[in-house]
Amino acid sequence: MGTLTEGFDEPSIEAVIIARPTKSLALLIQMCGRGLRLFPGKEDCWLLDFGDNFQRLGKIDQKRSISLCPSPKRGESDSKECPSCHAFINKFLRICPECGYVFPPGSEEEQEALKDNFLPEFGELLDEEQTAKITYIRAQRKARFTKKLNPDDLWELWSLRYQDDILCNDWLYGAIFRGDRSTYAQQRFLSYLYSFNPNLTSWVVFHMELEFGHPRHVYESKFKGRYFLPPVSHEQLNWWYVLQVDSEATEEEVKTAYLSLAANKEKDEIKLLNWAYEEFLHYKISPPFAENLNSEPVVQNEVFLWSQVIQAVSPPTTKALLSNKGRLISLKGNYAQIEISSPPLIRLIQQKISRIEDAFYQVLGQKITVQITAPIKK
Ligand SMILES: [Zn+2]
């Protein structure tokens, strides 16, 4: 065990069997390196991994940013496995570059956002009770966003709970994106805000400032003479501008553009592309979707189809949730849109999306991409 990991030099090797797991990326690369020497007549080398190393640490030819000041907290994988072709790809990609599989929306970004409870310095000393209040209202602020609820309920919630205590707007800074002020974060938040109120710019600016605006610590660095605040925008970008395609582009063209732009990009840039792709899907679905709003939910045979899909869904809990709270509101091409009448359940059902897609496949024999939506407010 472990004898031919490094330094062993036999360039004609055409296959490397990695029969052990390692936590060390450096060691993994060294082990693979045994087979990567050039040799006349040698075309390629098989890397057989029996320790799930590529899954944990990523492929060895993947681009990585390496810090000059190594941080001790490392070792988390930057890759995920494509369920369709089993390639290991950058975990933020929405579309698999190897086979074109489209991942369900949001998962990586949301998991990342859940990781810590970002509480910035507000330039005041807070006791335990105040900290608990602030933590509560920030969590509620974030929940409005993730559950697609109206952001204005927040002040009502606060006064119901804390009566005459004043909610200071600064406390809400970064509650949703934890201080991430990237174009991705801003555009994602704008899409959410505009879905409630497409006309009131001042209202949008107010909420943008709350999330990305002027926290106390920015004022403080101003006094130290290093004042720099990246701009907060309230203008929505067009998905076709971000993806550099025509607004009439076909799905194939959009996928190709996404993959060529996403190649070797940093996380934030890929996330912005993900947002644009999401907008594209929404845009593609929304015309027929809008027609359905005021009419009968769906035509009769779609009701029948939906009942068959529900029958095909497992496990039983998901089946029950869908039959009580779910409704097929449109099925156009390969896209089905499912409305969940109870917003708190949306996240839960979102995690079961592949089960619903499997059920569609069983019923229709066709790959369907499912989108879950909240009920539309009138
Ligand atoms: Zn794939």
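Below is a short write-up of the structure. The structure presented is a predicted model; accordingly, all values stated were derived computationally and were not measured.

**Remarks on the overall build of the protein**
Link 1 in the chain: Broken down by element type, the protein carries 15 helices and 7 strands.
Link 2 in the chain: A sequence separation of at least 24 residues applies to 61% of the contacts in the protein between residues at least 6 apart.
Link 3 in the chain: Working note: accessible area of the protein is about 21,800 Å², and carbon and sulfur atoms make up 53% of it.

**Looking at the coordination of the zinc ion**
Link 1 in the chain: Cys82 (SG), Cys85 (SG), Cys96 (SG) and Cys99 (SG) make up the full set of protein donors to the zinc ion, lying at 2.3 Å.
Link 2 in the chain: For the zinc ion, the 4 donor atoms in the first shell make angles of 108 to 112° at the metal, so the coordination geometry reads as tetrahedral.
Link 3 in the chain: Along the chain, the residues donating to the zinc ion fall in the pattern C-x2-C-x10-C-x2-C.
Link 4 in the chain: Here cysteine 85 falls in the partly exposed class, since its relative accessible area comes to 30%.

**What about the environment of serine 191?**
Link 1 in the chain: Following the sequence through the fold, serine 191 ends up in helix α6 (residues 183-196).
Link 2 in the chain: Put simply, serine 191 and glutamine 236 are 45 residues apart on the chain and 7.4 Å apart in space, counted from C-alpha to C-alpha.

**Description of a negative patch on the surface**
Link 1 in the chain: A contiguous patch of negative charge on the surface is contributed by Asp246, Glu248, Glu252 and Glu253.
Link 2 in the chain: Relative to the helices and strands, aspartate 246 is located in the loop between α9 (239-242) and α10 (251-262).

**A few points about the packing of aromatic side chains**
Geometry of an aromatic ring pair is reported as the spacing of the ring centres plus the angle between the planes.
Link 1 in the chain: Across all of its chains, the model carries 18 aromatic pairs by this definition.
Link 2 in the chain: Between phenylalanine 177 and phenylalanine 212 the ring centres are 5.7 Å apart and the planes differ by 25°, which places this aromatic pair in the stacked class. Taken together, the positions of phenylalanine 177 in the loop between α5 (153-162) and α6 and phenylalanine 212 in helix α7 (residues 201-212) put the pair 35 residues apart, joining distant regions of the chain. Like phenylalanine 177, the residue phenylalanine 212 is buried in the burial classification.
Link 3 in the chain: Put simply, the rings of Phe145, Phe177, Phe189, Tyr192, Phe196 and Phe212 touch in pairs and so form one group of aromatic residues.
Link 4 in the chain: Above the plane of the ring of phenylalanine 103 lies lysine 80, whose end atom (NZ or CZ) is 3.7 Å from the centre.
Link 5 in the chain: Geometry around tyrosine 136 places arginine 161 over its ring, the cationic atom sitting 3.8 Å from the centre.

**Description of the side chain of glutamate 357**
Link 1 in the chain: Looking at where glutamate 357 falls in the secondary structure, it is placed in helix α15 (residues 353-364).
Link 2 in the chain: In this structure glutamate 357 is buried but unpaired, with lysine 367 as the nearest side chain of opposite charge at 5.5 Å.

**Quick word on the pairing of strand β7 (residues 369-373)**
Link 1 in the chain: The buried count for β7 comes to 4 of 5 residues, which makes it a mostly enclosed element.
Link 2 in the chain: The sheet contact formed by strand β6 (residues 335-340) and β7 spans 5 bridges and is parallel. Bridge assignment links tyrosine 335 to a residue of β7, and that residue is threonine 369.

**Some words on the pattern of salt bridges**
Link 1 in the chain: Summed over all chains, the structure comprises 6 salt bridges.
Link 2 in the chain: Here arginine 37 makes a salt bridge to aspartate 9, at a shortest N to O gap of 2.4 Å. Placement of arginine 37 in the loop between α1 (25-33) and β2 (46-49) and of aspartate 9 in the segment before β1 (15-18) is noted, with a sequence separation of 28 residues between them.
Link 3 in the chain: Arginine 94 is paired through a salt bridge with glutamate 278; the nearest N and O atoms lie 2.3 Å apart. Of this pair, arginine 94 sits in the loop between β4 (88-90) and α3 (107-114) while glutamate 278 sits in helix α11 (residues 267-292), placing them 184 residues apart in sequence.
Link 4 in the chain: Exposure remark for arginine 94: the relative accessible area of 5% places this residue in the buried category.

**Regarding the sheet that holds strand β5 (residues 326-332)**
Link 1 in the chain: Strand order in the open sheet made by the 3 strands is β5-β6-β7, with mixed pairing throughout. Across the chains shown, the open sheet's two edge strands, defined by having one partner strand only, are β5 and β7. With strand direction ignored, the average angle separating the axes of adjacent strands in the sheet is 25°.
Link 2 in the chain: Against the sheet, helix α13 (residues 316-325) makes contact with β5 and β6, and its axis sits at roughly 80° relative to β5, the strand it touches most.
Link 3 in the chain: Strand contacts of α15: β5, β6 and β7, with the helix running at about 130° to β7, the strand carrying the most contacts.

**What about the environment of glutamine 337?**
Link 1 in the chain: Topologically, glutamine 337 is positioned in strand β6.
Link 2 in the chain: Taking the C-alpha atoms as reference points, glutamine 337 and valine 370, separated by 33 residues in sequence, lie 5.8 Å from one another.

**Considerations on the pairing of β6**
Link 1 in the chain: Counting buried positions along β6 yields 6 of 6 residues, so the element is predominantly enclosed.
Link 2 in the chain: Covered by surrounding structure in β6 are Tyr335, Gln337 and Glu339 together with Ala336, Ile338 and Ile340, the residues of both alternating faces.
Link 3 in the chain: In this structure, β5 lies alongside β6, joined through 6 bridges in antiparallel fashion. By the bridge assignment, leucine 328 is partnered in β6 with isoleucine 338.
Link 4 in the chain: Linkage of β5 to β6, two consecutive antiparallel strands, is achieved through a turn of 2 residues, within which glycine 333 is found at a positive phi near 60°.

Conventions used here
- Residues numbered from 1 in each chain as written.
- Predicted model: local features only at pLDDT ≥ 70, side-chain atom pairs only at ≥ 80, totals over all residues.
- Heavy atoms only, no water.
- Helix = DSSP H or I, 4+ residues; strand = E, 2+ residues; numbered from the N terminus.
- Contact = heavy atoms within 4.5 Å.
- Areas by Shrake-Rupley, 256 points an atom, 1.4 Å probe, with all protein chains shown as cover.
- Donors = N, O, S within 2.8 Å, 3.2 Å for Na, K, Ca; no water.
- Tetrahedral: all angles 85-135°; square planar, octahedral: opposite > 155°, others 65-115°.
- Buried < 20%, exposed > 50% of the residue type's maximum accessible area, 1.4 Å probe, protein only.
- Patch = residues over 30% accessible without salt bridge, like charges linked within 9 Å, V, L, I, M, F, W, Y side chains within 5 Å.
- Salt bridge = Lys/Arg side-chain N within 4 Å of Asp/Glu carboxyl O.
- Lys, Arg positive; Asp, Glu negative; His and termini not counted.
- Charge placed at Lys NZ, Arg CZ, Asp CG, Glu CD.
- Phe/Tyr/Trp six-rings, centres within 6.5 Å; stacked < 30°, edge-to-face > 60°.
- Lys NZ or Arg CZ within 6 Å of the ring centre and 35° of its normal.
- Pairing = 2+ DSSP bridges.
- Axes fitted to C-alpha atoms, helices over the stretch in contact; angles between N-to-C directions.

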